[in-house]
There are 2 protein chains.
Amino acid sequence: MTLTDLSIAANAKMLPIQEVADRAGIPEEALETYGKYKAKIDIASLPPAVKQGQVVLVTAISPTPAGEGKSTVTVGLADAFKQLGESVMVALREPSLGPVMGVKGGATGGGFAQVLPMEDINLHFTGDIHAITTANNALSALIDNHLHQGNELELDPRRITWKRVLDMNDRALRNVTVGLGGPSQGVPREDGFDITVASEIMAVLCLAESLDDLKERLAQMLVGYTYDREPVTVRDLGAAGALTLLLKDAFKPNLVQTIEGTPAIIHGGPFANIAHGCNSLMATKAARRLADVVVTEAGFGADLGAEKFMHIKSRQGGFDPDAVVIVATVRALKMHGGVDKNALKEADADAVRRGMVNLAKHVDTIRQFGIEPVVALNRFVTDTEAELAEVMEWAKAEDVAIALTDVWEKGGTGGLELAKLVQQELEKPKNFSRLYEPTDSVEEKLRVIVQRVYGGADVQLTDKAKKQLAEIQKFGWDALPLCMAKTQYSLSDQPKLLGRPEGFTVTIREIIPKLGAGFLVCLTGDIMTMPGLPKQPAALNMDISDNGNAVGLF
Amino acid sequence: MTLTDLSIAANAKMLPIQEVADRAGIPEEALETYGKYKAKIDIASLPPAVKQGQVVLVTAISPTPAGEGKSTVTVGLADAFKQLGESVMVALREPSLGPVMGVKGGATGGGFAQVLPMEDINLHFTGDIHAITTANNALSALIDNHLHQGNELELDPRRITWKRVLDMNDRALRNVTVGLGGPSQGVPREDGFDITVASEIMAVLCLAESLDDLKERLAQMLVGYTYDREPVTVRDLGAAGALTLLLKDAFKPNLVQTIEGTPAIIHGGPFANIAHGCNSLMATKAARRLADVVVTEAGFGADLGAEKFMHIKSRQGGFDPDAVVIVATVRALKMHGGVDKNALKEADADAVRRGMVNLAKHVDTIRQFGIEPVVALNRFVTDTEAELAEVMEWAKAEDVAIALTDVWEKGGTGGLELAKLVQQELEKPKNFSRLYEPTDSVEEKLRVIVQRVYGGADVQLTDKAKKQLAEIQKFGWDALPLCMAKTQYSLSDQPKLLGRPEGFTVTIREIIPKLGAGFLVCLTGDIMTMPGLPKQPAALNMDISDNGNAVGLF
C-alpha cells in the first residue's frame, strides 16, 4: 500500500489533548477541549509568563507551484528539537477549506512530519474560519441594511470597498450583483466574494494582541466612502461590538500535536499576498510563554513571507526572530536554472547550479536583517547525489550553514542535523534590525523592499496607485507598514522571471489601505482573492468510510 | 436590576458537561467535549439501547408574532419532570444565528427555563450550522464549476434549483446574479441566497438515520434540470461523498443542560415552513435511548409543527408521540378574539372567550390523531385573573386537561402541575393513528390536511402548481409526505384570518420536490427564505464585557 499523508495520519497514535497540554505546561483551567485531540487555549488562564521562547522562522526560496515542503520542514524541525530534549512548540497557520475542496494537498505538513488530527484541521477544525466568515458577512449585511433603511451615513453604493466572503473556491462569486428584485429586496449594487482567508478580519484577528485591541482594529476597518468621498468605517456603523462577540472564541489559539507528540498551536491563516501570511500573534506569543523554542513559518518565499514577518508581524508583536531557516529543494533550484516545470523530475545538476542564484539572493536578504540563515535542503526521492552535491558545494563556498532534511519520510529524525545547526545560531548574539520604519514615506518603504529584498532596480506607481497614495496621505494613513502583494514565483513582479532577475522595475498598480490590519496593501499585479475549482475538483474523490473516517482527503 | 435571559443565564451555575453526561448514562467514550459545557455524542459509542423513552411533543395554538413561549415551556416541563424524579431529557432545535443578529430574542427558552450555555448556543454553538452552510455552498461551487468546465451534464443554467445559503439575515442576497466578469469568471446566471436553516441539507441532516442514510439522501437531492428538462441530482455530480464528509461531525447530536441541570440535546434546526421544523431524528432517538421521557417541540402552531411531526418526522423515525402539550397564552387568545396586536396588554376577558375557538381547533386536531392533548396556559405578568378564568372554565366545560405554567419565573417548579397532567396521559393506553399515507395521491393528502387539520373547506392548485404536480408524477416523486409552507398566524392561508376561520379554500401556489429530505413542499403564499435585518438590528447593541462575556445578546 502506498503511504499517503492521510493513511500515515490515520495510523498515528495521538495523545489525549489534555496530556499534550500538561506536557506543554498549560494548566487544565486554561484548556477548552474540542473533541479528544483539539483544544482552545484561554490565554487569560495561563500562568504568568516566566519565559520568552526564541523564535525560529521557516521561510523558503521562490517556490515551484507545488511548494517546497515548508510546513513539513517546520513540523519536522520542531520534532527534531524535541528529540534533542529542547522545550519546543510549533506555531502554524490554519488551512483554508476552500482549496482543500479543489486541489489534493493539505496545509498540515506531510508524511511523518504532520500535525494531527489532520482531517479535522483541514476541514472545520475549531470553527475559527467559519466565525470569520460570519463576522465578515454580518458586516456586509449591516452595510446593505444601512443602505436599505435610509442610508443615514450617505454611503455611496458604488464605493463600498467591503466585500463578502466564503471559505470556498468559487469563481462564480468573484463578481456579482446583489439587492436585485425591487424596492423591498435591498439596494442593487455590484459586489463580490473573496475567500475567507482574504478577509481583512482574518488579518485583524492575526495581529490583535487582546480582545480590546481586536475590537479597536475591527472598528477602524474601512467599509467604503460617502458620496462626498469621506471614509466610512465599522465604527461609524456601530458594528464593532457585534463583530468582536462573533470572534471571541475564534480569537483563542488552538492546541493540537505533531505526529511525534510535540505541542502545536495552529491559529489564523491570512493570505500571503494581500495579507501577511503567518499564524496569529496570539499563537506565537502563547507558544513563547510556554516553550524555549518556537518554530513558525511564513507564506511563500523569503521575499514575501519573511519580509512581512519582519516588518509587520514581529514588529507589531514587539519581538525579533532569533533564527531563520530557508527551505530549498533541488526541483525548485532546477526550475530557477531554466528547467520546465514538467521536466523537474529529470536529473540536471547543471540546472541546479544555475538556479543557486535564487537561493543566494534569499540568503543575502536574511543577512541584511542581521541574521545568519540556515538552509534546509529538503530532499525528494527524485533528487540525485550529483544534484545535492551542487547545493552542498555552493553552501560550503559561500559559508552558508546547510543541512539535508528528510522529514517527510523520517519525521524529526530527518531534521536532526538541521536542528543542531539552528541551535548553534540561537546561541549566538543577535544583531537584528529592520530595513524600514513605518514612518518612512511610502515611496521610500517601497524602494527599500524592491531594491534590498527583491534585488530590483526601481519601483513605479501607476496613475491609479498615485491617486490612491495621494488620498492615503490626505487621510493620514501613510505611516503604516506595507503589505506587498506580488507573485511568489519570481523575485520580481513578473512570474516568469525566475532565478535572480536584476535591473527590473516593480510596478505598483494599486495601494489599498487596510486600517484594521494596520498596513497598506501594494498590489503589483492581478491578485486572485477568490480561487476557482479545477476541472476535476478534489471534492469529487472525497467520501467517508464505513466507520465514518475521511476517504480521499489527501 | 431587571432580570434578562442573558443575566439569568450568566448567573446560573452549570455542571461540567461530563457530569451531565454521566447522569444521563452517556459513557465517557461517547462524549466529545466542546469546551466545558458542550459536547457531541458519538451514537456508535452509546451502550446498546435498552429503553425507548416516551415522547412528549410540545406544540402551540396559532401564535402571535412574539411567540407563546413554546421552547420555554418545553424546557420548564422537562425540569418539572426531573423534579418529579423522572428520567428525562429535552430535545430542541439549534437556533439560527441570522435572526439573533436581527431581532432581540433567542431560541433557547427564557428566564429560569433555559438551556445553557445560552450565548454559545445562540452564536456558533458546535459549528453544525456552519458545516451545513459549507456543504450547501460547496455543492453550489461544484455546480457552477461544472457549468464553467464544459457542462458535461448539460445543466440548464436557467433551471438550477439549488441555491446558495448564509446563516445571516441578508435581504440583499435574495436575488443576485453570479458569474459576471467575462469567460474566466464562470457562467453568468441568476441565483439567490437562502438562510442556512432553509437549506435542504438541514432537513436532510435532521431526517437521516445513519451516515449512510445521510449520504444517500444527499445524493438524491435535486440540483436542477438539463436543457431537455431531465432532473439532475447530487449523485449525477458525484458530490455526495464530499458533502457527507463535510457533515460528519455536524451529524452528531449536541449535549448541553437546562438551567436546572436536566440533560438537553440540541441538534438541527430546519425551517418550520419550507421544512419540517423540529430537531434531528438522531437527537430524538438518542434521547429515547437514554431517558424514560423525552420532551421535544415542533415549530409554530399545531396545524404546522405538530402535523409535520406526525406525518414526516415520527413516521420517518418509526415512533409515535405519546403525549402532546398545546401551549396557549391569554395574549394570543385575545388576538384571536379580535384585539389588535398593539393592545394585547389591556385586560379583555371577552376577547379571550371569543378567541378560545382557535385553541379548540388545535385540541380537536390532536384528538384526531388519537391523542388527548394537555393544554399549558403559559402565564404572563399582564394576564388578569378574569382572563385566566375564562380559559380554565372553557377547559372544564370541554373536558380538556389544562395547567397554568409559570416556568419563565419559577423554572421547573412552575411546570409541576403540567408535568403531572402529562404523566397521567403517558400512563394511558395509546390509540395513535396518522391522517394520511404517503402513497395517497397528492390531492388527497392536501385535502386531508386542509380539511381535518386546518378546518378548511377545500384546496385548489394554481396552474403553476398543477404543472409542477404533473412533472412530479411523471418522475414518480408523488409518494412522499407533504411539507406545508403556510402562514403560522392563521389556520387558513391568509395571515389575517384569525380565530377559527371556516369555509375557506387553501391555494397551493407551488409544489417543490425535496428528494433528499423526502417530502414535497407545498407553498401557499410567499414564504420568506432569507429574512432581512430591521431598521435597528440587535447586532448594533452587542458587545463583549471586559472579561470577554457577551453583552446585549438578549
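Residues numbered from 1 in each chain as written. Chains lettered and ligands numbered in written order. Predicted model: local features only at pLDDT ≥ 70, side-chain atom pairs only at ≥ 80, totals over all residues. Heavy atoms only, no water.

Re the overall build of chain A
- Helix and strand counts for chain A stand at 19 helices and 26 strands.
- Relative to the 2.2 N^0.38 estimate, which gives 24 Å for 554 residues, the radius of gyration of chain A is 23 Å and therefore close to what a compact globule would have.
- Counting only C-alpha atoms and orienting by the principal axes, one finds that chain A spans roughly 70 × 55 × 50 Å.
- Looking at chain A residue by residue over its 554 residues, the buried ones come to 64%.
- Counting only contacts in chain A whose residues sit at least 6 apart along the sequence, the fraction spanning at least 24 positions is 74%.
- Carbon and sulfur atoms form 48% of the exposed surface of chain A, whose accessible area is close to 19,100 Å².
- Here chain A carries 57 positive and 71 negative side-chain charges, and the mean point of each set is 2 Å from the other. (Helix = DSSP H or I, 4+ residues; strand = E, 2+ residues; numbered from the N terminus. Rg over C-alpha atoms; globule rule 2.2 N^0.38 Å. Buried < 20%, exposed > 50% of the residue type's maximum accessible area, 1.4 Å probe, protein only. Contact = heavy atoms within 4.5 Å. Areas by Shrake-Rupley, 256 points an atom, 1.4 Å probe, with all protein chains shown as cover. Lys, Arg positive; Asp, Glu negative; His and termini not counted. Charge placed at Lys NZ, Arg CZ, Asp CG, Glu CD.)

Overview of the UniProt feature "binding site: ATP" (unreviewed entry) in chain A
Residue and element names in this part refer to chain A.
- Per the UniProt record, "binding site: ATP" (unreviewed entry) is annotated on Thr-64, Pro-65, Ala-66, Gly-67, Glu-68, Gly-69, Lys-70 and Ser-71.
- Turning to its location among the elements, Lys-70 is positioned in helix H3 (residues 70-83).
- Apart from residues lying up to four places away in sequence, Lys-70 is in contact with Val-58, Thr-59, Ala-60, Arg-93, Glu-297, Ala-298, Gly-299, Phe-300 and Val-327.
- Position of Ser-71 relative to the elements: it lies in helix H3. (UniProt positions renumbered as here; feature names shortened; annotations may be inferred.)

Some words on the pairing of strand E24 (residues 519-523) of chain B
Residues and elements named next belong to chain B.
- Among the five residues in E24, five count as buried, and that is most of the element.
- The alternating pattern of E24 places Phe-519, Val-521 and Leu-523 and Leu-520 and Cys-522 on opposite faces, both of which are buried.
- Both strand E21 (residues 482-485) and E24 contribute to a ladder of four bridges, which runs parallel. Paired with Cys-483 across the bridge in E24 is Val-521.
- The turn linking strand E23 (residues 510-514) back onto E24 is made up of four residues, and Gly-518 within it adopts a positive phi angle of 85°. (Pairing = 2+ DSSP bridges.)

Points about the interface of chain A and chain B
- Each partner contributes residues to the interface: chain A has 68 residues there, and chain B has 69 residues.
- For the pair chain A and chain B, the summed buried surface comes to about 5,800 Å²; carbon and sulfur atoms form 60% of the total.
- Its largest share of buried area at the contact with chain B, chain A owes to A:Arg171, A:Leu245 and A:Ile544, together 11% of the area lost on that side.
- The interface formed by chain A and chain B includes six salt bridges.
- Broken down by element, the side of chain A that touches chain B gets its largest block of residues, ten residues, from helix H6 (residues 128-148) of chain A.
- Tallied by class, the residues present in the side of chain A that touches chain B amount to 32 nonpolar, 21 polar and 15 charged. (Buried area = accessible area lost by both parts, 1.4 Å probe. Salt bridge = Lys/Arg side-chain N within 4 Å of Asp/Glu carboxyl O. Nonpolar A, V, L, I, M, F, W, Y, C, P; charged D, E, K, R; others polar.)

Thoughts on the packing of aromatic side chains
- Within this structure, the stated rule accounts for eight aromatic pairs over all chains.
- Both rings, one in A:Tyr34 and one in B:Tyr34, keep their centres 5.3 Å apart while their planes meet at 55°; by these two values the pair is tilted. Within this pair, whereas A:Tyr34 is found in the loop between strand E1 (31-33) and strand E2 (39-41), its partner B:Tyr34 is found in the loop between strand E1 (31-33) and strand E2 (39-41), the two belonging to separate chains. For the pair A:Tyr34 and B:Tyr34, one class covers both residues: buried.
- Ring centres of B:Phe369 and B:Phe432 lie 6.2 Å apart, and the angle between their planes is 15°; this geometry places the pair in the stacked category. Placement of B:Phe369 in the loop between helix H14 (349-368) and strand E18 (374-378) and of B:Phe432 in the loop between helix H17 (416-427) and helix H18 (442-453) is noted, with a sequence separation of 63 residues between them. For the pair formed by B:Phe369 and B:Phe432, the shared burial category is buried.
- Note that A:Lys486 overlies the ring of A:Tyr454, its terminal NZ or CZ placed 4.7 Å from the centroid. (Phe/Tyr/Trp six-rings, centres within 6.5 Å; stacked < 30°, edge-to-face > 60°. Lys NZ or Arg CZ within 6 Å of the ring centre and 35° of its normal.)

Here's the deal with the relation of the copies chain A and chain B
- Mapping chain A onto chain B leaves a residual RMSD of 0.0 Å; the transformation is a rotation of 180° accompanied by 0.0 Å of translation along its axis. With respect to symmetry, the two chain copies, as superposed, fit the operation of a two-fold axis. Taking C-alpha positions as reference, the residue of chain A nearest the rotation axis is A:Tyr34, located at 2.1 Å.
- The residues that chain A uses at the interface reappear at the interface of chain B in 100% of cases, marking a shared surface. (Least-squares fit on C-alpha atoms with pLDDT ≥ 70 in both.)

Looking at the sheet that holds strand E21 (residues 482-485) of chain A
Residues and elements named next belong to chain A.
- Read from one edge to the other, the open sheet built from three strands follows the order E21-E24-E23, with strand pairing classed as mixed. A strand with exactly one partner marks an edge of an open sheet, and here the two such strands are E21 and strand E23 (510-514). The sheet shows a mean angle of 25° between the axes of neighbouring strands, direction not considered.
- Bridge count for E23 against strand E24 (residues 519-523) is five bridges, and the pairing is antiparallel. By the bridge assignment for E24, Ile-512 is matched with Val-521. (Axes fitted to C-alpha atoms, helices over the stretch in contact; angles between N-to-C directions.)

Thoughts on the pattern of salt bridges
- Under the counting rule described, the total for this entry stands at 72 salt bridges over all chains.
- With a closest N to O distance of 3.0 Å, A:Lys163 and A:Asp194 form a salt bridge. Linking A:Lys163 in the loop between strand E7 (155-160) and strand E8 (164-166) with A:Asp194 in strand E11 (residues 193-195), this pair joins segments that are 31 residues apart in sequence.
- A salt bridge links B:Arg379 to B:Glu385; the shortest N-O distance between them is 2.9 Å.
- When its relative accessible area of 57% is taken as the criterion, B:Glu385 is described as exposed.

What about the packing of helix H7 (residues 200-207) of chain B against helix H8 (residues 211-220) of chain B?
All names here are of chain B.
- In the contact formed by H7 and H8, the axes pass within 9 Å of each other and the chain directions differ by 150°. The orientation of H7 with respect to H8, classified from their angle, is roughly antiparallel. For the pair H7 and H8, the crossing hand works out as right-handed. In contact with Ile-201, Val-204, Leu-205 and Leu-207 of H7, H8 contributes Asp-213, Leu-214, Arg-217 and Leu-218.
- Looking at the contact of H7 with H8 residue by residue, the class counts come to six nonpolar, no polar and two charged. (Parallel < 35°, antiparallel > 145°, perpendicular 65-115°, else oblique. Left-handed = near helix turned anticlockwise from the far one by under 90°.)

Topic: the environment of B:Thr439
All names here are of chain B.
- Within the fold, Thr-439 resides in the loop between H17 and H18.
- Thr-439 sits in the exposed class, given a relative accessible area of 66%.
- Distance in space between the C-alpha atoms of Thr-439 and Pro-481 is 8.3 Å, their sequence separation being 42 residues.

Remarks on the domain arrangement of chain A
All names here are of chain A.
- On domain assignment, one finds that chain A holds domain 1 (5-120 + 252-426), domain 2 (128-247) and domain 3 (442-524).
- Inter-centroid distance (C-alpha atoms) of domain 1 to domain 2 is 33 Å.
- Listed per partner, the contact involves 27 residues of domain 1 and 17 residues of domain 2.
- Taken together, the links from domain 1 to domain 2 amount to two salt bridges.
- For Lys-40, the salt bridge is made with Asp-128, and the minimal N-O distance between the two is 2.7 Å.
- Put simply, domain 1 and domain 2 have ten residue pairs in polar contact (both at pLDDT 80 or more) between them.
- Those elements giving two or more residues to the side of domain 1 that touches domain 2 turn out to be helix H4 (97-102), helix H11 (281-290) and helix H12 (302-317). (Domains from an automatic or database assignment. Polar contact = N/O pair within 3.5 Å; in protein donor to acceptor, adjacent residues only side chain to side chain.)

Some details on the sheet that holds E7(A)
All names here are of chain A.
- One open sheet holds the three strands; their spatial order is E7-E12-E13, and the pairing between them is antiparallel. On the outer flanks of this sheet lie E7 and strand E13 (231-233), each paired with one strand and no other. Looking at each pair of strands side by side, their axes are set apart by 50° on average, direction ignored.
- Bridge count for strand E12 (residues 222-226) against E13 is three bridges, and the pairing is antiparallel. Each residue of the ladder has a partner; that of Tyr-225, found in E13, is Pro-231.
- Each of E7 and E12 is contacted by H6, which is oriented at about 130° to E7, the strand it contacts most.

Examining the packing of helix H14 (residues 349-368) of chain A against helix H15 (residues 385-398) of chain A
All names here are of chain A.
- In the contact formed by H14 and H15, the axes pass within 10 Å of each other and the chain directions differ by 40°. Relative to H15, the element H14 is oriented oblique. Note that H14 runs across H15; the crossing there is right-handed. Residues Ala-349, Val-352, Arg-353, Met-356, Leu-359, Ala-360, Val-363 and Arg-367 of H14 form the contact with H15, whose participating residues are Ala-386, Glu-387, Glu-390, Val-391, Trp-394 and Glu-398.
- A breakdown of the residues in the contact of H14 with H15 according to their chemical character gives nine nonpolar, no polar and five charged.

A few points about the environment of A:Gly111
Residues and elements named next belong to chain A.
- Position of Gly-111 relative to the elements: it lies in the loop between strand E5 (109-110) and strand E6 (113-116).
- Overall, Gly-111 belongs to the buried group, its relative accessible area being 0%.
- Taking the C-alpha atoms as reference, Gly-111 lies 27 Å from Gly-355; in sequence the two are 244 residues apart.
- When near neighbours in sequence (up to four residues on either side) are disregarded, Gly-111 contacts Asp-5, Ile-8, Ile-259 and Trp-408.

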